[in-house]
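A structural walkthrough
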Amino acid sequence: MSLRLLPKIADVLSLPEKPVLLAIDMPIGLAEIAMRGGRNCERAARKLLPGKTSSVFSIPCRAALPATTYAQARTLNRRGNGIGLSQQAFHLLPKLRELDALITPKLQRRLVECHPELAFALMNEGQPVLSRKRTPVGQQERRRLLQRHGIDVPENLKVGKGVGIDDALDAIALTRTAERLYRGEAIRLPGVKQRDARSLLMEICH
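Notes on the overall build of the chain
Each helix and strand in the chain was counted, giving seven helices and four strands. Listing each helix as α and each strand as β along the chain from the N terminus yields β-α-α-α-α-β-α-α-α-β-β. In terms of C-alpha radius of gyration, the chain reaches 17 Å, essentially the compact-globule figure of 17 Å for 206 residues. Taken along its principal axes, the extent of the C-alpha atoms in the chain is 50 × 40 × 35 Å. Restricting the contact set of the chain to residue pairs at least 6 apart, pairs at least 24 apart contribute 67%. With the model as given, the accessible surface of the chain reaches about 11100 Å², and the carbon-plus-sulfur share is 54%. Averaging the locations of the 34 positively and 20 negatively charged side chains of the chain gives two centres separated by 5 Å.

Written out as structure tokens, the structure reads:
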């Protein structure tokens, strides 16, 4: 197992291993106007994560992408339906802009939106992992689930600067989602294909 910290999302497309499928914990497919509760795939994901619904937050609409301040982002997100924006969602904007500029419907067949909490829940017989992922207890529980499904995580796992063990475990969990996608076994939420104004699928896979 190896972990690499890449500066840009586009860098994953030129990895020497040339992965056929890439699971990314980032939103793909954005609403033009903010929707209450987020996209349908987010609402569907929360239903599978009782007690852990806060891990799936509503993402900004595309109109908010140019914002550089939280106040500006909230104003742009409120246009249309008057729906605000969390600080957590605001901090995603730089990477959201990067990904939205990169992704195309064709590339989306290879680079797929996924969610680590759904991946861990699936490994846990459909039950969300309620322990906090930043705590030693939560990390050990996630390590055990990965090991149970054939992924051994070394105790001395080395991660890049500024990357926590919890983020590394999330990334490792998504490698299993990528395998499920490759085998055609992945579950796609919300179950009905929905596309945004750029013809990008709005779905979360696990």
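Here's the deal with the side chain of asparagine 77
Among the structural elements, asparagine 77 can be located in helix H2 (residues 70-78). For asparagine 77, a relative accessible area of 1% puts it in the buried group. A distance of 3.2 Å separates the side chain of asparagine 77 from the backbone oxygen of isoleucine 83, its partner in a polar contact. For asparagine 77, the contacting residues outside a window of four places in its chain are Ala34, Pro60, Cys61, Ala64, Ile83, Gly84 and Leu85.

Overview of the nonpolar core
In globular proteins that are soluble, nonpolar side chains generally tend to be buried together. Residues Ile24, Leu93, Leu96, Leu99, Ile103 and Leu111 are the most contacted members of the largest nonpolar core, which totals 28 residues. Where this core is concerned, the elements lending two or more residues are strand E1 (22-24), H2, helix H3 (87-90) and helix H4 (93-102). The greatest single-element share of this core, amounting to three residues, is contributed by H4. Ignoring any residue separated from it by four or fewer positions in sequence, one finds isoleucine 24 in contact with Ile9, Leu99, Leu111, Val112, Glu113, Cys114 and Leu174.

Notes on the packing of aromatic side chains
For any pair of aromatic rings, geometry is given as the distance between the ring centres together with the angle between the planes. Taken as a whole and judged by the stated rule, the model has one aromatic pair. On the basis of an interplanar angle of 55° and a centroid distance of 5.6 Å, the ring pair of tyrosine 70 and phenylalanine 90 is categorised as tilted. Taken together, the residues tyrosine 70 in helix H2 and phenylalanine 90 in helix H3 connect sequence positions 20 residues apart. Classification of phenylalanine 90 by relative accessible area gives buried; the value is 13%. In this arrangement the basic side chain of arginine 74 is found over the ring face of tyrosine 70, its NZ or CZ atom lying 4.7 Å from the centre. The side chain of arginine 142 reaches across the aromatic face of phenylalanine 120, ending 5.6 Å from its centre.

How each quantity is defined
- Residues numbered from 1 in each chain as written.
- Predicted model: local features only at pLDDT ≥ 70, side-chain atom pairs only at ≥ 80, totals over all residues.
- Heavy atoms only, no water.
- Helix = DSSP H or I, 4+ residues; strand = E, 2+ residues; numbered from the N terminus.
- Rg over C-alpha atoms; globule rule 2.2 N^0.38 Å.
- Contact = heavy atoms within 4.5 Å.
- Areas by Shrake-Rupley, 256 points an atom, 1.4 Å probe, with all protein chains shown as cover.
- Lys, Arg positive; Asp, Glu negative; His and termini not counted.
- Charge placed at Lys NZ, Arg CZ, Asp CG, Glu CD.
- Buried < 20%, exposed > 50% of the residue type's maximum accessible area, 1.4 Å probe, protein only.
- Polar contact = N/O pair within 3.5 Å; in protein donor to acceptor, adjacent residues only side chain to side chain.
- Core = buried A, V, L, I, M, F, W, Y, C linked by side-chain atoms within 4.5 Å.
- Phe/Tyr/Trp six-rings, centres within 6.5 Å; stacked < 30°, edge-to-face > 60°.
- Lys NZ or Arg CZ within 6 Å of the ring centre and 35° of its normal.

Taken by themselves, the reported measurements are silent on function.
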